[in-house]
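One letter stands for each residue in the lines below.
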Amino acid sequence: MSDNFTKCVDFVFKLENVYDKSGNVTWENVSGDKGGLTKYGIDQASHPETAIKNLSECEARSIYRKEYWDKVHGDLISWPLCLVVFDIAVNNGVGRAAKWLQSVVGVQQDGHIGSITVSAANIHPAKFATLLLNKREVFYRKISLNT
């Protein structure tokens, strides 16, 4: 399942990357975005030690692997569920991704994905992926109502 990491990061890059006129990935600094300067979806606020403007794709992939993929044990979760869990970790936090996954697979919600969560998740990965997407949609709708 390790090849799934590449597919998942490529998916995130398609959504997060901003391109200059030459078609190269560039950085952005969107007014009102708490993350500040961002490139490859990696933001300065979360990575103050990183020179975001000079961030390479390889460095971004390394950050995604270490800070998100490995923490949700993406290599152990079947496709397409690993994509949904990873994307939620990136956009909503690793702890929330773990708790949401645990809630849809019916195990204790301790916020840490372990062997019990992985085993339960891999029983019906497509079904659980859909349930997670629905859960995230409800979350986003609640946010939009509160703003």
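The structure this text deals with has already been given above.
Residues numbered from 1 in each chain as written. Predicted model: local features only at pLDDT ≥ 70, side-chain atom pairs only at ≥ 80, totals over all residues. Heavy atoms only, no water.

What to know about the packing of aromatic side chains
Thinking step 1. Here the structure, examined in full by the defined rule, presents nine aromatic pairs.
Thinking step 2. Geometrically, the ring pair formed by Phe 13 and Tyr 64 is edge-to-face, given 6.0 Å between the ring centres and 65° between the ring planes. A residue pair is termed long-range when its members are at least 10 positions apart, and Phe 13 in helix H1 (residues 3-16) and Tyr 64 in helix H2 (residues 57-69) qualify at 51 residues. Exposure class is identical for Phe 13 and Tyr 64. Each is buried.
Thinking step 3. Centroid distance Tyr 64 to Tyr 68: 5.8 Å. Interplanar angle 40°. Geometry classified as tilted. Remark: Tyr 68 and Tyr 64 occur in helix H2; sequence separation between them is four residues, near one turn of the helix. Like Tyr 68, Tyr 64 is buried. (Phe/Tyr/Trp six-rings, centres within 6.5 Å; stacked < 30°, edge-to-face > 60°. Helix = DSSP H or I, 4+ residues; strand = E, 2+ residues; numbered from the N terminus. Buried < 20%, exposed > 50% of the residue type's maximum accessible area, 1.4 Å probe, protein only.)

Concerning the packing of helix H4 (residues 94-105) against helix H6 (residues 125-146)
Thinking step 1. Between H4 and H6, whose axes approach to 10 Å, the crossing angle comes to 125°. On the basis of the axis angle, H4 is oblique to H6. The handedness of the crossing between H4 and H6 comes out as right-handed. Counted together, Arg 96, Trp 100, Leu 101, Ser 103, Val 104 and Val 105 of H4 and Phe 128, Leu 131, Leu 132, Lys 135, Arg 136 and Phe 139 of H6 form the full contact between these two elements. (Axes fitted to C-alpha atoms, helices over the stretch in contact; angles between N-to-C directions. Parallel < 35°, antiparallel > 145°, perpendicular 65-115°, else oblique. Left-handed = near helix turned anticlockwise from the far one by under 90°. Contact = heavy atoms within 4.5 Å.)

Thoughts on the pattern of salt bridges
Side-chain pairs of opposite charge can arise where the charged atoms are in close proximity.
Thinking step 1. Per the stated rule, a full pass over the model turns up six salt bridges.
Thinking step 2. Between Arg 136 and Asp 87 there is a salt bridge whose closest N-O contact spans 2.8 Å. Of the two residues, Arg 136 is situated in helix H6 and Asp 87 in helix H3 (residues 81-92); the sequence distance between them amounts to 49 residues.
Thinking step 3. Judged by its relative accessible area of 8%, Asp 87 falls in the buried class. (Salt bridge = Lys/Arg side-chain N within 4 Å of Asp/Glu carboxyl O.)

Shape descriptors only; they carry no functional weight alone.
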